[in-house]
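Residue-level structure breakdown
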Amino acid sequence: MANLFLVCDASNIGSFNRLTRHRVPGALPFGAKYRLIDFTLSNCKNSNITNVAIFPYGNYRSLSDHIGSGDRWDLNRRKDGIFILPPKNLNLSIEDSLSFQRMYEHLEYFNRSTQEYVIVSPANLVWNVDYQVLLHDHLVHSADITEVVSAEHKRMRTYVLSKSRLLEYITNYDTIPYRNLTEVFDYAQNLKKHPYHFEQACFFPNSAFELYQANMQLLNQEIRAQLFRKDRPIFSKETMSAPSRYGDDAKIKNSIVASGAVVDGTVINSIIGRKTFIHKDAVVKNSIVMNQCHVEPDSIVEYALLDKETRILAKAKVIGNLDQLFVSEKKQIVISGEDLKVLQITAECNPFVKTGGLADIVGSLAENYSELGVSSSVMMPLYPRIKDKYKLFIEIRADQIIAYGDDKYKTTLYSYNNQNVNYYFIESYDFFDRDDIYGYEDDGDRFAFFSKAALAFLDVFDDLPDIIHIHDWHMGLVPLIIKENEHLKSIRTLMTIHNIEYQGVHEGTIYDRLGIHHNGNHHRINFMEVGLNNATKISTVSETYKEELKYEYYSKNLVEVINRRDRDFYGIINGLSDDIGPNRDLTIKEKYNLMNVFGAKPKNKSDLQKRMSLSEGNDYFVIGMVTRIVEQKGFDILLPALEQVLANEKIQFVILGAGDERYVRWLESIKQRHPTQVALNIGYDATEPSYIYAGADAFLMPSRYEPCGTSQMIALKYGTIPIVRQTGGLNDTVDAFDGITKRGNGFKFFNYDYRDLVFQIENAFKIFTDAKEDWRQMIINAMNSRFWQKDSANAYIDLYRSMLT
Amino acid sequence: MKKALVAMILVGGQGSRLKEITRDTAKPAVSFGAKYRLIDFTLSNIANSKIDVVGVVTQYEPYDLMSYIGAGASWDLDIVDGGISFLTPFSSQGGITWQKGTADAIKQYFRFVREFSADYVLILSGDQIYKMDYQKVFEHHLTHNAQLTICATRVPESEASRFGIIEVDDSDYLTSFEEKPEKPNANLASMGIYLFNTDVLERLLSDTETEVDFGNNIIPKAIKDKYCVSVYEFNDYWKDVGTIDSLYQAHMDMIDDPDFLTLNVSSNLPVYSKSLNLPPHLILANAKVTDSIIADGSIIDGEIRHSSIGYETIVESGAIVEDSVILPGVKISKGAKLRNVIVNRNTLIPEKYICLSEKVILIDRTNLDVKGENHG
């Protein structure tokens, strides 16, 4: 028996999106018949490791179901064996890798393990390795900690160390500055760190695309030979299935087919899972089809990753591409999507009227849908400012008298078609003939009335929309009104939460004015809550924010509703307009792109320093912020952190924004003490923040919460390195830079604690000053980050499609 | 531990009519349907019928079979108070008790039945392909108040002389039985599946000596002694695989019927087999595969038509396999052409080897040169 035990990190969720809704990444199907974790467990068996602990996060039923007693890997032992150690404290949110705090919850396990050395390794690693060789190498180099690096210089997040050292980190988790072994390896001083180079095939899929790529690599004979060796076989749970069966019309090339599959169509360059049916005249190319899927006659599947039990109905086409795979959800039914009709009902939409980011998102989705072949419409109130500007374009379509409360109101529907998007405007003198969009005492009535009127006008059209997509609280009553109306019942609704802080709480009498009979508390009506309760599915603007909203800390009074609707809850990140970027920005000193960034950025920086009267010089580390100055944006930790880091005279800080007086006053006092290091531009002028994006070296967003966030995306596009808290969309758009592999586009910290922020600012400063090559690489990585609005639109379309069945 | 019913599987026969296929293996361990062994069907039926005590009576080449079955975990038969027991010939004071005939084996191990104080004994055969719920036989037995129930199925009249032929009255009671009649006048054939009241079986066995066989001795004696014998008629697919031809035919039945024994329907009484832990099979760029079944671990770069390809088989490019049964572990080299053959396990078919047979033949490493032309 080995003097080694293994801690399997199944706690990260990666960015697999809908693939990990029902499972942790380790339980993802792979290579037609395996699950990712089979490789780790088989490696244990083949290395004579008999003590394995798995730390899962979230929905680990599928993982534990797959592992069973562990007998497939000889881990059903009397002494030692396999242990699944779930989180005890459900208030700990998800982290990138297994934290010492999580391990501390199961300290007993570590104390009880008798082996002297431990390997900590992720569950979603595909490789065939003898762990004894790792240990041997660790000992030969008398290392304190060894990390495995792949032939492509990717970090495998696999560590070898002594149990006593690990125990030291675990028991001191709340006093040491490292949350996990990756941070130890990156930051700890006075440690002998040894990278072990693993030269064989090795995949560490962390996204749907990487999972796809790793699968496709199995078609390469060389790779297969390295992963599936006679002397070290990969074991998996066996489910009984018949041999694969091929029909009269089967055409198959370059593919892997698991048992129980039935192929009567065309299959090329694909991986076909167990008990999957490819029917006659169906075509599957360059795709991964997991277990028990049905691809029905005359359908086409290309560049797709179909999760278990997906049905592609007859004649449906799912065609992705390498940039954007089609990814289905478990048990999804995919219909032919050509005639999908989507209507967004909204309070604002770019370019007609805009108060914030919502208008941009609605507008860009509407345009992208029509480009992607979806019938796209938008319905919104006709505000006077729209009528003034578009009076020559909009045409009257219909009039209606709408009853609301005891009164009847005349309303008029206008329409305008632009670039194949149908925009509808509803005019009502009583409710919308006002200068502003929001901020009136009767906002509840205004949007309740609008919701009713909008749905009443649907009768004007030949076909009802398939999907109505509503945003934030304003249209929260739409799903309820649809439910109450027999005629509209076929319509599916999606409600997107952009910010859960604004819920639209109004008088309960609105129910009566709408004529809706409602049991329960009539005193108040919470528009957002009604929407969340009644929409077919709900979503929010990033995967991480979606996870966070499961905790009361983030979702407050709506935590129960959110958790009840968990299975219908999705996270889709917003895109950034292609028009934003330093290449077209006429307001900055010198335009730039990847070709000339290293020449142009210093010029923009000195322009910034000059404009803001800071000491000039390229060796200063300029940190910028463009923000509302409010609690949410992290000012409670930012200000103490600033006090500390500004002791370093090489650090400069620029902020543009407006907001809470108390924070502004504190900022001013900091400025007084560091006049050449700090520049304030208070009074938010949103049209001119570009000089900061272009001139700063780093961009700070220590937000307490951030549903999606736009500024960090803009900063990345400008090659300005974000330092962010690991929350919401910040977590999904910023990848921590990794000095070993030179990947990553920014810096992240987890705890809402100023010391952690200080640590990352100083870390960034160190790389900026001492590792200039790394900094340049990070700028390249940042500018290459991808936030396409089309990706976001495609993700919504996939979600709409999954709602239709 | 008291059990109402125990099952005993007879696997004793040498299976000499399967020629080289049974050279190193007992008949029930013969491969079938690309990934199965014959015994899988009977063991799966037992598991699906919720019977948890099984005696496997074996004497010929038991090693392969025993190591295949192991503790029976693949069929959920690794049970604390029961499960699978191997009843092999043993040496006693009277010398090695080599079993004489099918029923004699049961007689030797009657204490196995007593150990579980079973009231009923189900006698099965280990080399048949079918899916049956034995609980239905049990119910039939009880509702007919029978002392012996014989399972029977309709066979083509041309084949009837290979079986014990049965006639029944309107209430499913047996009226006549003739073992392998030269001129059969009925086509209801005994499947070699019997359900006995334990005391009746014990009495029938104790009255006989020397060669004892169910078809030749026990059943005729039960009729003669006027025991109440009922017949359970089974109407689904059933194949007794005793010859090269019937083994081939059963494979073709499986290939031609997409719903063969509902094997591809996951929820319907699964047929279990032992996991071999093989990777999925791989189809390469030059391959053409139609009308065929292929098991795990195979790599196909040639042309496969209307054939069964056992696990871990390699078919190289340019090779053509048609209307054939390839047992596991075979390599078919470049340019080889095969038709109407069964290729025995682990046979290496050399490059450009040609065997296009009119009637079904078995190819084995020992007869490669006799059966085909070697152009390699």
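Sequence order as written defines residue numbering, which begins from 1 separately in each chain. Note on labels: chains are lettered from A, ligands numbered from 1, in written order. Owing to the predicted nature of the model, reporting of local features is limited to residues with pLDDT of at least 70; listing and counting of side-chain atom pairs is limited to 80 or more, with chain, interface and lining totals taken over all residues.

**Describing the overall build of chain B**
What counts is decided by this rule: The way it works is that DSSP assigns letters per residue, a run of H or I at least four long becomes a helix, a run of E at least two long becomes a strand, and they are numbered from the N terminus. Buried means a residue has 20 or more other C-beta atoms within 10 Å of its own C-beta, exposed means 12 or fewer, and partly exposed covers the counts in between; C-beta atoms are placed from the backbone. Working definition of a contact: two residues with C-beta atoms, positioned from the backbone, lying within 7 Å.
Each helix and strand in chain B was counted, giving nine helices and 29 strands. With the C-alpha coordinates of chain B rotated into their principal frame, the extents come out at 65 × 45 × 45 Å. Counting across all 376 residues of chain B, residues that qualify as buried make up 49%. Counting contacts in chain B only where the partners sit at least 6 residues apart, residues at least 24 apart contribute 56% of the total.

**Observations concerning the sheet that holds strand 44 (residues 747-749) of chain A**
All names here are of chain A. For clarity, the threshold we go by: Being paired, for any two strands, means DSSP has found at least two bridges between them. The axes are straight lines fitted to the C-alpha atoms, using for helices just the contacting stretch, and the angles between their N-to-C directions are given from 0 to 180°.
With respect to topology, six strands assemble into an open sheet ordered 41-40-39-42-43-44, the strand pairing being parallel. Since the sheet does not close on itself, it has two edges, and those belong to strand 41 (678-682) and strand 44, each with one partner. Taking the axes of each pair of neighbouring strands and ignoring which way they run, one obtains an average angle of 15 degrees across the sheet. Strand contacts of helix 22 (residues 661-673): strand 39 (621-629), strand 40 (651-659) and strand 41, with the helix running at about 150 degrees to strand 41, the strand carrying the most contacts.

**Focus on the domain arrangement of chain B**
The figure often quoted for interface size is the accessible area lost as the parts come together. All names here are of chain B. Where we set the bar: Just so you know, the domain bounds were taken from an automatic or database domain assignment. Nonpolar residues are Ala, Val, Leu, Ile, Met, Phe, Trp, Tyr, Cys and Pro. Charged residues are Asp, Glu, Lys and Arg, and all others, Gly as well, are polar.
Domain assignment breaks chain B into domain 1 (5-262) and domain 2 (282-374). One C-alpha centre belongs to domain 1, the other to domain 2, and the line joining them spans 33 Å. Among the elements that make up the side of domain 1 that touches domain 2, the one with the highest residue count is helix 8 (residues 244-256) (seven residues). Class assignment of the residues belonging to the side of domain 1 that touches domain 2 gives a composition of seven nonpolar, three polar and four charged.

**Here's the deal with the confidence of the model for chain B**
Rules: The predictor rates its confidence in each residue with pLDDT, a number between 0 and 100.
A residue-level look at chain B finds 93% of positions with pLDDT of 70 or above and a mean pLDDT of 88. Under the prediction, the complex receives an ipTM of 0.88, its pTM being 0.78.

**With respect to the pairing of strand 8 (residues 120-125) of chain B**
Residues and elements named next belong to chain B. Judged by how many residues are buried, strand 8 sits mostly within the fold: six of six residues are covered. As defined by bridge partners, strand 1 (residues 5-10) adjoins strand 8 across six bridges and the pair is classed as parallel. Looking at the pairing, Met8 lines up with Ile123 of strand 8. Alignment of strand 8 against strand 13 (residues 188-197), held across four bridges, turns out to be antiparallel. By the bridge assignment for strand 13, Ile123 is matched with Tyr194.

**Some details on the pairing of strand 28 (residues 353-363) of chain B**
Two faces belong to every sheet, and in a regular strand the side chains alternate between them. All names here are of chain B. Relative to strand 28, strand 26 (residues 337-343) is paired through six bridges, and the arrangement is parallel. Bridge pairing in strand 28 places Val341 opposite Ile361. Bridging between strand 28 and strand 29 (residues 373-374) involves two bridges; their strand directions are antiparallel. Bridged to Ile354 within strand 29 is Glu373.

**Considerations on the sheet that holds strand 37 (residues 537-540) of chain A**
All names here are of chain A. One open sheet holds the nine strands; their spatial order is 30-31-32-29-28-33-34-37-38, and the pairing between them is mixed. Sheet topology places strand 30 (395-404) and strand 38 (569-571) at the edges, where each strand pairs with a single neighbour. Sheet twist, expressed as the average angle between the axes of neighbouring strands with direction ignored, equals 25 degrees. Summarising the sheet, strand 28 (residues 341-345) and strand 29 (residues 375-381) pair through five bridges and their orientation is parallel. From the neighbouring strand, Leu343 faces strand 29, where its bridge partner is Ser377. Sheet strands touched by helix 10 (residues 357-371): strand 28, strand 29, strand 32 (421-427) and strand 33 (467-471). Its angle to strand 29, the strand with the most contacts, is close to 150 degrees.

**Some remarks on the nonpolar core**
Stated formally: As used throughout, a nonpolar core is a set of buried Ala, Val, Leu, Ile, Met, Phe, Trp, Tyr and Cys residues joined through C-beta atoms within 7 Å of each other.
Val52, Val126, Val263 and Ile272 of chain A together with Ala7, Met8 and Ile123 of chain B are the most contacted members of the largest nonpolar core, which has 222 residues in total. Among the elements that line this core, the one with the most residues is strand 13 of chain B, at seven residues. Discounting chain neighbours no more than four positions away, the residues touching Val263 of chain A are Ser244, Tyr246, Gly247, Ala250, Ile252, Val257, Ile272 and Ile278 of chain A.

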